[in-house]
Amino acid sequence: MNKLILILFLISSTILHATPVFTLANEAYQHQDFTQAINLYKESLKTSQSFEQHFNLGNAYYENEEYGLSILHYEKALILEPRNAEALENLKKTYELLQIHPENSSTLEHFARLFSANTWSWICLGIVIIGSILFYIQIYCLQKNLIKTFGWICLFLTLPLIALNFFYSTQTNIGIVLQENVPLKVSPTNTGPATAFLAEGSKAKIIKENKNIENFVFIKSGNNEGWINTNNFQLIWK
Amino acid sequence: MRITMTGKIIFIYFLFFTLILNYKILAKEDIEVSIDFEPTQLTLGRQGLLTITVSGTQNVKPPTLPNVDGLHIKFLNTQSRINMYNGNISMEQTYSFAVMPKKIGEFSIPNFEWKIDGKKFTVESPTKKLFVQEGIIENDILSLELEINLNESKIYVGQMVPVSIVIHAPLHFPGNLKSLPEIQGNSFNNHGYIGNSSNKIEKINGVEQQAASFPTYITPLKSGDETLEYKVGLIMQVPKATMPAGSNALNFYESIFGGAMFNDIEEVELKSKPKAINVLPLPENGRPDNFTGAIGQFTIESFSATPEEVQVGDPITVKMVVKGSGNMDRISSPILITDNNWKSYKPKSSFNKEDLFGFTGTKTFEFIIIPQNEQINQTPPISFSFFNPKLGRYSELTPNSIPLKITTAPKTILSNELTNQPQRDHSNSENNINILPIKLEIKKSVKSLISPICNKIFTPSLIGISVIIGIFLIYIKRRNLENKQNTAYIKQLNIQKAIQINLQKVQKSYSKKNAEGFYHAASMIILEIAAKKHNKTSQTLSTDEVIEFFEKNNLNQEALAFIKIIFDTTDLLKFSGINNEEKLEPNSLSKFESLINELENHFQ
């Protein structure tokens, strides 16, 4: 009981801490002081993260004409609420503005967007536990074929869960190009020749990182591959 | 002593073998004597080796050699050898003598007689004449020669030309190379030597000589009448000038090292005859503007562009592979003729040599070019020009342009630095596209966006843990099933249960001052403990048997007395029909508990 109170206290305290800054940020936004709003939203994100903070920050960046960052925060908001119509709508509008046609989502991605990653984690845990319990019950009980069947169903459900697990683990390497016409370099140097130029707001996946190379990561965006300066690129799941 | 049949067989076998062996050894062979001496030419301080070999006999005393004025001959050693060939055994003895000249001149060792097995043999001189000279054998030096083999009749500046440097030396030349052949002057560049020289024996004027060849390549650095010259350093062993030529005895070290320690090392420099070469300059006439400096014979092996379908701004890799032989290392990259329609980068080149010197091979040139508009339909022109020394003129290889399909890129794909296209204009769309408004309240927040499911091993770990728990539970279930089928285990389990139940009864009865209940339950516990230890059931045991059992097991007298009291009191209370609370003393329970503990400890 005491633990529950402590958890509730901690949750409420983080929300309470974020809320005044969040309110101030909203006020700045409504007064069209977008730079101030951005700073305040970013400040509020230091303690906790919520759909609303990322959504509003996406809006503030949009109004400030920083479209790459705007897309980044809409995507972050969609991690927390994958089917939120408003975030999807604003993201779509930003892409339209940038004349970018995002790649069509895969079936697995559509499936993953049914719930947030956090919810999927709980579902995953629940299915595995229930499946296991049912399976073990039938070990101890005689003639409980129904329990056995349910147990097997639950265990079979773990296969798509593994696929989902794999999907999410690959998502953590995806990021957004933050500037306009960002060069993809042949080598991880600022002076090296560019193989292509990426549009602001483009999605790209980190293929490799080298600890010895600072400020550059090797990414793939569409058919293009090359080194990008990390000042121009940020991961969504960060 | 009785000899077994096996012993007899072994004995006969060895007897037979020994007879056969001795028969072969003892069989009379023809005695042969041979003599040899090396070398035929000696210098003062050097010693020769005289060997006399006798075959067909053994235990022969070394021969006494005749004295030769000017030579000192000393017996060194005897070596015996038994040869077995196709079942025939022959014996051989070799006597070695060191022959050391005391002065310069011509000598001969005369024939001499040698008594072997009672017979006299005349041993003929191994050499008619032995020449002894002062210092190094002049012929050795005189016959040394450094030769330059160059097959090309005319060569051009910058051309890579194969050449072979050959050292001719006597067959037993007492020397080694100090260094590899070095080119003289600065008119030519030598491309070094790879691997070992190829050695062969050649016959010049009927005399066998050794020839060591060093193949390499040279490149003339300037035109005009030039001379090609090489030199090589040799190390020779020459006798020391202080050699005690007149000494009468060879010392211990001489006999071991054969006089080698009395040799000096002398360095000799051998020079080739200068070879006059007229190096031609590359002709000015007909020299292409894009001449890359390549001199030799070349062909274009492949010319490609990937990809052939791109958007404006996307890079295309143009690759040209040139194959041939010549000065591959000096060829600069050909120029891809690009105009404003292209953005090009500095080309890269790589060389895959097919021989160790890099004279033949393939050279690959890679160009990265970026189309700047969609009007382009083929790769820019390129040509590879070279000078063919065999034909004495320039040649130009021009591959066919590769058709390309360039499509328009999305508006934002090109860098503003590369194109003069206007910046992205959002001003019009900004008014048209209104985004949905901000949220005013936070409903739910999290610490991090990363969830457990983002971890690759999350689900497999969960399943793994549940499987482990399952296996554990199945194991427990199986163990319980096995225990249920074990009667001894079940009996023990029942006794344990009965003890537990009665123990509770004891405590309950004591608290209620129920003496009969207390003692009855206590008796039952003692009976159960005895049954447990006796491996019987409590119902089949009498109190006397229990006491006897405890006595046999050396339970202490105090405990035994208390057990008797319990049994007696139980009977008394049971049969008298009274519930005498006085029988329960204040310490009855604690006393009983101590008894139980003692019983448990005693039978543990």
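Residues numbered from 1 in each chain as written. Chains lettered and ligands numbered in written order. Predicted model: local features only at pLDDT ≥ 70, side-chain atom pairs only at ≥ 80, totals over all residues. Heavy atoms only, no water.

**Notes on the overall build of chain B**
Tallying secondary structure elements over chain B gives ten helices and 31 strands in all. In chain B, which comprises 604 residues, the proportion classed as buried is 39%. Here the contacts in chain B between residues at least 6 apart in sequence split such that 73% fall between residues at least 24 apart. Roughly 36100 Å² of accessible area belongs to chain B as shown, and the carbon and sulfur atoms make up 51% of that amount. (Helix = DSSP H or I, 4+ residues; strand = E, 2+ residues; numbered from the N terminus. Buried < 20%, exposed > 50% of the residue type's maximum accessible area, 1.4 Å probe, protein only. Contact = heavy atoms within 4.5 Å. Areas by Shrake-Rupley, 256 points an atom, 1.4 Å probe, with all protein chains shown as cover.)

**Remarks on the sheet that holds strand E11 (residues 155–156) of chain B**
Residues and elements named next belong to chain B. With mixed pairing, three strands are arranged side by side in an open sheet as E11-E21-E18. Among the strands making up the open sheet, the edge pair consists of E11 and strand E18 (224–228). In this structure, E11 lies alongside strand E21 (residues 275–280), joined through two bridges in parallel fashion. When the sheet's bridge partners are listed, Tyr-156 is paired in E21 with Leu-280. (Pairing = 2+ DSSP bridges.)

**What to know about the interface of chain B and chain A**
Listed by partner, the interface residues are 54 residues for chain B and 67 residues for chain A. Between chain B and chain A, a total of about 5500 Å² is buried, with carbon and sulfur atoms accounting for 61% of that surface. Here chain B and chain A share one salt bridge between them. For the salt bridge of Lys439(B) with Glu86(A), the shortest nitrogen-to-oxygen distance reads 2.3 Å. Across the chain B-chain A interface, the total number found is 14 residue pairs in polar contact (both at pLDDT 80 or more). Contributions of two or more residues to the side of chain B that touches chain A are made by helix H4 (427–432), strand E31 (445–446) and helix H5 (458–484) of chain B. When residues in the side of chain B that touches chain A are grouped by element, the largest group, twelve residues, is from H5(B). Across the side of chain B that touches chain A, the residue classes break down as 28 nonpolar, 15 polar and eleven charged. (Buried area = accessible area lost by both parts, 1.4 Å probe. Salt bridge = Lys/Arg side-chain N within 4 Å of Asp/Glu carboxyl O. Polar contact = N/O pair within 3.5 Å; in protein donor to acceptor, adjacent residues only side chain to side chain. Nonpolar A, V, L, I, M, F, W, Y, C, P; charged D, E, K, R; others polar.)

**Comments concerning the packing of helix H9 (residues 557–576) of chain B against helix H10 (residues 588–602) of chain B**
All names here are of chain B. It is at 11 Å that the axes of H9 and H10 come closest, and there the two elements cross at 125°. Of the possible angle classes, the one that applies to H9 and H10 is oblique. In terms of crossing hand, the pair formed by H9 and H10 is left-handed. Facing H9, whose interface residues are Ala-559, Phe-562, Ile-563 and Ile-566, H10 presents Ser-588, Lys-591, Phe-592, Leu-595, Glu-598 and Leu-599. Along the lines of polarity and charge, the residues of the contact of H9 with H10 split into seven nonpolar, one polar and two charged. (Axes fitted to C-alpha atoms, helices over the stretch in contact; angles between N-to-C directions. Parallel < 35°, antiparallel > 145°, perpendicular 65-115°, else oblique. Left-handed = near helix turned anticlockwise from the far one by under 90°.)

**Things to note about H5(B)**
Along its 27 residues, H5(B) runs 39 Å from first to last C-alpha, staying within 8% of the 39 Å computed at 1.5 Å per residue. Where H5(B) is concerned, the buried positions are Phe458(B), Thr459(B), Leu462(B), Ile463(B), Ser466(B), Gly470(B) and Asn483(B). (Expected span 1.5 Å × (residues − 1).)

**Remarks on the pairing of strand E24 (residues 316–326) of chain B**
All names here are of chain B. Here E24 lies mainly inside the structure; eight of its eleven residues are buried. Looking at chain direction, strand E22 (residues 291–306) and E24 are connected through ten bridges and run antiparallel. Within the sheet, the bridge partner assigned to Ile-300 lies in E24 and is Val-322. Relative to strand E27 (residues 360–371), E24 runs antiparallel, the two sharing ten bridges. Within E27, the position partnered with Gly-324 by the bridge is Gly-361.

**Things to note about the side chain of Ser55(B)**
Residue position: Ser55(B) is located in strand E3 (residues 48–55). Not counting residues within four places of it along the chain, the set of residues in contact with Ser55(B) comprises Asp30(B), Ile31(B), Glu32(B), Met91(B) and Glu92(B).

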